[in-house]
Amino acid sequence: MYRVLCSTGALIGRVHGYDYTVLDRCVGPLTCDGYELMLYPRWYDDIAAVKRYICAKHLSVPVVHCQKGIGELFSQGSDEETEQAHRLFADDCETAADLGSEKLVLHLWGGLASDAKFEGNLRSYPRLLETAQARGLELLIENVVCNVESPAAHLVQLYRQYPDIRFVYDTKMAAFHEELDRLYIDESAWLWREGHICHYHVNDYGGGYKDWSNLRTLPIGRGHVDFDRFFAFVRNSGYTGDFTVEATAFNGEGVIDLDMLNAQFACIRAYLQ
């Protein structure tokens, strides 16, 4: 049965100094079924303290989201940067395994370099998969935004080369490239008929095609994504996996809108009834 998760990235940000103890004021009131833990570079120096905190809070963390800089390192593409990315990924796998997580979300490309040299990103996948599987984790590649081609094109490339690959599908990322409707067509049926989509990030988007100035993670109803159609499709596809809400819930002063997040969880549950 599906679970509705909350990304800790919706709760913790630069305005808080990426302080994970912000969760003290969030965990009790939130009605999600668990968390997708977003990892940040500044946590690496004392990741043991982060893990102790999560365990002491008895938080359910079925999913860990690798720090986004890993994909940027793969995209920059030098041998040194690639090896650094693999080391960081291995560290994130260890963290996820120690927390009892099931899935690991990865941005395989990113930053200004993005998908400019995608063949290098493509070649990195087998070693990443081996590292994740050695820790008992399911690796999910996200359809993150691109500077050159598009996420849909790269998912196809990955699938053709690695037919057993698994994805997390983000509605905002797809809408940014005006690709969400492609999910529903016969040519994309392999994504869901063969079980390649194993997780959804459910976020709204309010900008236009590749509108970088509006690449914000919005709650359902604050943008123009047709969620009636999306959830009807998801129900009819037979999907029973999990969903993560990533909508930014804090303002410039660091105040967190927990009511908004709870309304998001309720909205998704209502769609899935």
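The preceding data block contains the structure.
Residues numbered from 1 in each chain as written. Predicted model: local features only at pLDDT ≥ 70, side-chain atom pairs only at ≥ 80, totals over all residues. Heavy atoms only, no water.

(A) Layout of the overall build of the protein. When helices and strands are counted, the protein shows nine helices and eight strands. The C-alpha atoms of the protein give a radius of gyration of 18 Å, which matches the 19 Å a tight globule of 273 residues would have. Across its three principal axes, the protein shows a C-alpha extent of roughly 45 × 45 × 35 Å. Across the 273 residues in the protein, those meeting the buried criterion constitute 56%. Partitioning the contacts of the protein with sequence separation of at least 6, the portion at a separation of at least 24 is 78%. Positive and negative side-chain charges in the protein, numbering 25 and 39 respectively, have mean positions lying 1 Å apart. (Helix = DSSP H or I, 4+ residues; strand = E, 2+ residues; numbered from the N terminus. Rg over C-alpha atoms; globule rule 2.2 N^0.38 Å. Buried < 20%, exposed > 50% of the residue type's maximum accessible area, 1.4 Å probe, protein only. Contact = heavy atoms within 4.5 Å. Lys, Arg positive; Asp, Glu negative; His and termini not counted. Charge placed at Lys NZ, Arg CZ, Asp CG, Glu CD.)

(B) Spotlight on the packing of aromatic side chains. Counted according to the given criterion, the structure contains 23 aromatic pairs. Ring geometry for W192 against F233: centres 5.6 Å apart, planes inclined by 90°, an arrangement best described as edge-to-face. With W192 in helix α7 (residues 189–193) and F233 in helix α8 (residues 227–237), this pair connects stretches of sequence that are 41 residues apart. By relative accessible area, which is 26% here, W192 ends up partly exposed. Ring geometry for Y200 versus Y239: centroids 4.8 Å apart, planes at 80°, classification edge-to-face. Of this pair, Y200 sits in strand β7 (residues 197–201) while Y239 sits in the loop between α8 and β8 (242–245), and the two are 39 residues apart along the sequence. Look at Y200 and you get buried, because its relative accessible area is 1%. The class of Y239 is buried, set by a relative accessible area of 17%. (Phe/Tyr/Trp six-rings, centres within 6.5 Å; stacked < 30°, edge-to-face > 60°.)

(C) Broad picture of the pattern of salt bridges. Summed over the entire model, instances satisfying the criterion amount to nine salt bridges. We note a salt bridge from D33 to R269, for which the minimum N-O separation is 3.2 Å. Residue D33 is found in the loop between β1 (4–7) and β2 (35–38), and its partner R269 is found in helix α9 (residues 258–272); the two are separated by 236 residues along the sequence. Through salt bridges with shared partners, a single ionic network connects R3, E102, K103 and D242. (Salt bridge = Lys/Arg side-chain N within 4 Å of Asp/Glu carboxyl O.)

(D) Up close: unusual backbone geometry. Within the chain, H58 stands out as a residue other than glycine whose phi angle is a positive 55°. A relative accessible area of 70% places H58 in the exposed class. The phi dihedral of E178 falls on the positive side, at around 55°, and the residue is not glycine. Along the chain, the position of E178 falls in the loop between α6 (171–176) and α7.

(E) Expanded view of the environment of E178. Look at E178 and you get exposed, because its relative accessible area is 57%. For the pair E178 and A97, spaced 81 residues apart in the sequence, the C-alpha separation amounts to 35 Å.

Everything listed here is a matter of geometry and, on its own, says nothing about what the molecule does.
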